[in-house]
Amino acid sequence: MRHDANITADRQTFVTHLECSMTGERYEADQLHGLSRVGRPLLVRYDLEAVKAALPRDELARRPADLWKYRELLPVRRTENIVSLGEIATPIIPLDKLAAEAGAKHLWVKDEGRLPTGSFKARGLVMAIAMAKELGVKTIAMPTNGNAGAAAAAYASRVGIESVIFCPADTPEVNVREIAAQGARVYRVNGLIDDCGKLVGQGAKERGWFDLSTLKEPYRIEGKKTMGLELAEQLDWQLPDVIFYPTGGGTGLIGMWKAFAEMEALGWIGSKRPRMIAVQAEGCAPMVRAFEAGERHATRWEDAHTIAMGIRVPQAVGDFLILDAVRESGGVAMAVSDESIARAVDDAARKDGLLLCPEGGATLAAWRKALAEGLVSPEEKAVLFNCATGLKYPLADQSKTLDKDGPIDFSAL
Ligand SMILES: *Cc1c(COP(=O)(O)O)cnc(C)c1O
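For clarity, every value in this text was computed on a predicted model and none was experimentally measured. (Residues numbered from 1 in each chain as written. Predicted model: local features only at pLDDT ≥ 70, side-chain atom pairs only at ≥ 80, totals over all residues. Heavy atoms only, no water.)

## Focus on the site of the ligand
Formally: Proximity criterion: a residue is near a molecule or strand once any of its heavy atoms comes within 4 Å of it. Within 3.5 Å is the distance limit for a polar contact, defined as a pair of N or O atoms, with the added protein rule that one can donate a hydrogen and the other accept it, and that residues adjacent in sequence qualify only through two side-chain atoms. Every accessible area reported is derived by Shrake-Rupley at a probe size of 1.4 Å, with residue values counting cover from the shown protein chains alone. Segments assigned H or I by DSSP are reported as helices when at least four residues long, segments assigned E as strands when at least two residues long, and all are numbered from the N terminus.
With respect to spatial proximity, 18 residues lie near the ligand, and among them K121, K224, Y245, G248 and G250 are the closest. K121 places a polar side-chain atom, nitrogen or oxygen, 2.8 Å from an oxygen atom of the ligand. Taken by itself the ligand offers 380 Å² of open surface, and the protein chains cover 96% of this. Secondary structure elements with two or more residues in the shell around the ligand: β10 (242-246) and α9 (251-265).

Printed below as a string of C-alpha cells:
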C-alpha cells in the first residue's frame, strides 16, 4: 500500500471559521492568521453536523491507517496542498513488566517516535506546512528545542517553502544537524526557546517570515489533534482512564482535548473523558506551579533546566488552554525529577525493551509517582505519550572493548 493512499482521495472539507480561544471572536477561514487580536491562539471550527452526515465512524476502518484518514476533521481544503512523509498511525505498546512490577494492569505507551523525523512534531508541522502552502507562505521561521525544527524543515523543503530555525545553544547536536540536513537555515542562539521566539517575532516583522511558533498559528493544534482521534479509534472508541502527556507548549494536550469534544459532538464517543495529566520536569514546571496556585495563567519559569529538552519551555502562550483542560478532566499537573526520568528511561528499555525519549520517560516517572500517591489506581488504564524516538538523544556510553588477539575468558562475557 502506498503511504499516500489517503491523499489521492478527494474529500469534502468542513472548516467554517476560526475562533479566538480566549474571547470567542470569529475570524475568516482561508486567510493567513497568527494569534488573535488579544494575542491568544486561534482554534479551527468545523461544521460538525455536516461531518457527521459525511463521515460515519465505521468508514474510518476502511481507510489506510495514517493521519490523513481524518481529512474531514482537518483544515486543508485542496488535496494538492497535502504534504506527506508517511504519517502512520503509531502503535500502542504495553509495558507489561513495569506494570506488573508496580502491581498495575494496563500501562500503555503510544509510541510517537515512529513518525517521520522521529517525533510527534511531525503531526503538527505536516498540517501547519500544508496550510502555509495553501495560503501562499514563502518563508517560515520558528524557535525549537530540536524536534519541531526538524519536522518543519523536512515538510517545508518538501513543498518548496524556505525555513529559518532558531534553537537554544545547547540543543543536542543530532537535532541541529538534522534540521540543517533537511534544508533549513538553522542558528544556535545563546538563550532559551522563548528567547529564540523573540528573534522569530523580529524577523517576521522585518522580513515577512511566517511565524510557525507553537500555537502562534492555528494549524499545528489540528495536526496534533489526530493523536486523540487515533487513540480513540485504536481503543475501539473507549478512551483510557488517564493520559500522561509531557507538556511543553501543550499543543498535543490541547489538541487531544479538542478532538475529544469534536468526537463527542459527532457521536463517536460519549461524555467520559480521560483525566489529563500534564507532566513537566522539576527544573521547568510553570504549569505545575500555576495549577497548584489555582491560577489560569502561568508566569515565566526562570533558569529552566532539565534533561527532557522537549519540555524545557519556560512560558506557553496556550497556558490557560492546558490548565483548563487539565482541570475540566479532573487531572493534575505534576513535576518529576531528572533522576526519576533517567531511571524510567533505563527501566523501560532494560525490562520492556522500549527505548523512550527523556520526555516519554517523564510520563513513566509521573505515572509511578501518581500510582504511589494514589492519584491513579492499579486497575486504571493509563496511556503514556512517548513523543520521540529515544535514538535522537545522547545515550549513556556502556560499551566495553575486547582484544581479539589476546586470550578471552568467554565465561566472563
Ligand atoms: C515538543 C515536545 C514535547 C512537548 O510537546 P507540546 O505538545 O509542545 O507540549 C514533548 N516531548 C518532545 C520530545 C517534544 O519534541
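## Describing helix α8 (residues 226-234)
Since there are 3.6 residues in each turn of an α-helix, residues three or four apart along the chain are aligned in direction. What counts is decided by this rule: Only protein chains enter the accessibility calculation, which uses a 1.4 Å probe; a residue whose area is less than 20% of its type maximum is buried, one above 50% is exposed, and one in between is partly exposed.
Within α8, 8 of the 9 residues are buried, leaving the element largely enclosed by the surrounding structure. Of all the positions in α8, only T226, M227, G228, L229, E230, L231, A232 and E233 are classed as buried. In the segment just after α8, D236 is the residue with positive phi, at about 55 degrees.

## Here we look at the sheet that holds strand β9 (residues 210-211)
Under the convention used in this document: Pairing between strands is defined by DSSP: at least two bridges between them are needed. Residue contacts follow a heavy-atom distance rule, with two residues in contact if any of their heavy atoms lie within 4.5 Å. A fitted line through C-alpha atoms serves as each axis, taken over the contacting stretch for helices, and the angle formed by two N-to-C directions is quoted from 0 to 180°.
Pairing is parallel in the open sheet, where 4 strands are placed in the order β8-β7-β6-β9. Every other strand in the sheet has two partners, leaving β8 (185-189) and β9 as the edge strands with one partner each. Of the pairings in the sheet, the one linking strand β7 (residues 162-168) to β8 comprises 5 bridges and is parallel in character. Looking at β8, one finds that I165 is bridged to V186. Lying on the sheet, helix α4 (residues 147-159) is in contact with β6 (139-143) and β7; it crosses β6 at an angle near 170 degrees. Taken strand by strand, helix α5 (residues 173-181) contacts β7 and β8, and its axis lies near 150 degrees from that of β8.

## Considering the nonpolar core
Counted only if it meets this: Nine residue types can take part in a nonpolar core, namely buried Ala, Val, Leu, Ile, Met, Phe, Trp, Tyr and Cys, and a core is a set of them joined through side-chain atoms within 4.5 Å.
With 136 residues, the main nonpolar core has W68, F244, L364 and W367 as its most contacted residues. Element by element, the count of residues in this core is highest for helix α3 (residues 121-134), at 9 residues. Setting aside its immediate chain neighbours within four residues, L364 contacts L95, L98, L107, A344, A348, L356 and L384. By size, the runner-up hydrophobic cluster in this structure holds 7 residues, among which are A141, V189, C196 and V200.

## Remarks on the packing of aromatic side chains
The criterion, for reference: Stacked, edge-to-face and tilted are the three classes for Phe, Tyr and Trp ring pairs, Trp counted by its six-membered ring, which pair at centre distances within 6.5 Å; planes under 30 degrees apart are stacked, over 60 edge-to-face, the rest tilted. Remark: a charge is flagged as sitting over a ring if the NZ atom of Lys or the CZ atom of Arg is within 6 Å of the ring centre and within 35 degrees of the ring normal.
Summed over the entire model, instances satisfying the criterion amount to 6 aromatic pairs. Where F120 meets Y245, the ring centres are 5.9 Å apart and the plane angle is 25 degrees; that geometry is what we call stacked. Separated by 125 residues along the polypeptide, F120 in the loop between β5 (106-111) and α3 and Y245 in strand β10 bring together distant segments of the chain. One exposure class covers both F120 and Y245, and it is buried. Here the aromatic residues F120, Y245 and F385 are joined through ring pairs into a cluster of three or more. Taking the ring centre of F120 as reference, the NZ or CZ of K224 above it sits at 3.8 Å.

## Examining the packing of helix α10 (residues 286-293) against helix α11 (residues 319-329)
We count it as follows: By definition in this entry, angles of less than 35 degrees are roughly parallel, angles greater than 145 are roughly antiparallel, angles of 65 to 115 are roughly perpendicular, and the rest are oblique. When the near helix sits turned anticlockwise from the far one by under a right angle, the crossing is termed left-handed; a clockwise turn instead gives a right-handed crossing. Polar here means any residue other than Ala, Val, Leu, Ile, Met, Phe, Trp, Tyr, Cys and Pro, which are nonpolar, and Asp, Glu, Lys and Arg, which are charged; Gly is therefore polar.
Remark: α10 packs on α11, axes separated minimally by 11 Å, with the N-to-C direction vectors making an angle of 55 degrees. One way to sum up the angle between α10 and α11 is to call them oblique. Between α10 and α11 the crossing geometry is right-handed. Listed contacts from α11 to M287, A290 and F291 of α10 are D319, I322, L323, V326 and R327. Class assignment for the residues of the contact of α10 with α11 results in 6 nonpolar, no polar and 2 charged.

## Some remarks on the pairing of β7
The condition is simple: When the strands point away from the viewer and the connection leading from the first strand across the helix to the second strand turns clockwise, the crossover is called right-handed.
The buried fraction of β7 amounts to 6 of the 7 residues, a majority that puts the element mostly inside the structure. As paired strands, β6 and β7 are joined by 5 bridges and run parallel to one another. Bridging from a neighbouring strand, M142 pairs with I165 of β7. Taken together, β7, α5 and β8 constitute a β-α-β crossover, and its handedness is right-handed.

## Topic: the pattern of salt bridges
When the charged atoms of two side chains lie near each other, side chains of opposite charge can form a pair. The test is simple: In the sections that follow, a salt bridge refers to a side-chain nitrogen of Lys or Arg positioned within 4 Å of a carboxyl oxygen of Asp or Glu.
Within this structure, the stated rule accounts for 33 salt bridges. K258 serves as the salt-bridge partner of E262, at 2.7 Å between the closest nitrogen and oxygen. Within this pair, E262 and its partner K258 are both found in helix α9, separated by 4 residues, close to a single helical turn. Neither residue differs from the other here; E262 and K258 are each classed as buried. The salt bridge involving R350 is made with D346; its shortest N-O contact spans 3.3 Å. Here R350 and its partner D346 are both found in helix α12 (residues 338-352), 4 residues apart, which amounts to about one turn of the helix.

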